[in-house]
Amino acid sequence: MLLIALIGCGCPDFSQLRVLDPEKSGLDTTVEEAVQDFQRWSGRSSVCVGEIQIQSKVLAEREDGAWAVDGTFSARERRIRLSSLDPQLRTTTLHELCHALDRMEGISKGHPE
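In every chain, residue numbers begin from 1 and rise along the written sequence. Residue-level local features of this predicted model are given only where pLDDT is at least 70; pairs of side-chain atoms are given and counted only at 80 or more, and the full residue set underlies all totals for whole chains, interfaces and linings. Calculated side-chain values reflect all of the structure's heavy atoms, with hydrogen atoms and water omitted.

A. Examining the environment of Ile54 more closely. Note that Ile54 resides in strand S2 (residues 51–55). Its relative accessible area of 0% is what places Ile54 among the buried residues. It is 9.7 Å that separates the C-alpha atoms of Ile54 and Leu89, two residues lying 35 residues apart in sequence. If we skip the residues at most four places from it in the chain, Ile54 touches Val19, Leu20, Asp21, Pro22, Ser25, Leu27, Asp28, Val31, Leu82 and Ser84. Segments assigned H or I by DSSP are reported as helices when at least four residues long, segments assigned E as strands when at least two residues long, and all are numbered from the N terminus. Each residue is placed in one exposure class: buried if its accessible area under a 1.4 Å probe, protein chains only, is under 20% of its type's maximum, exposed if it is over 50%, and partly exposed if it falls in between. The contact rule is simple, with two residues in contact once any of their heavy atoms fall within 4.5 Å.

Take a look at the structure:
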């Protein structure tokens, strides 16, 4: 029973990462190629992200409200959300994957700037 619980808590690897494009923007290939490049460049098998969603509107919610952004990473949901309206979608994908890697390895904890 314990073994099942431990397996369920692991990070999905890049081969299990799903790119969802429910609005059929046709940008899923761009995102998938960016993920493959990130995997190759970083040498990592995972950044604990199971899903990337492409949608026309992505909101970042903070204490002072919500506003439209190009992308967000949620460690709790193990999800990246990307805006299909972002002209720099590939760069934003890589940026959000870097946030995921940072969260996993705690790189910026020692560098708050």
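B. Highlighting the pattern of salt bridges. A pairing counts as a salt bridge when a side-chain nitrogen of Lys or Arg comes within 4 Å of a carboxyl oxygen of Asp or Glu. Under the defined criterion, the tally for this structure stands at eight salt bridges. Glu77 is paired through a salt bridge with Arg81; the nearest N and O atoms lie 3.1 Å apart. By relative accessible area, Arg81 is classed as partly exposed at 22%. One salt-bridge network, in which partners are shared between bridges, spans Arg18, Glu51, Arg76, Glu77, Arg79 and Arg81.

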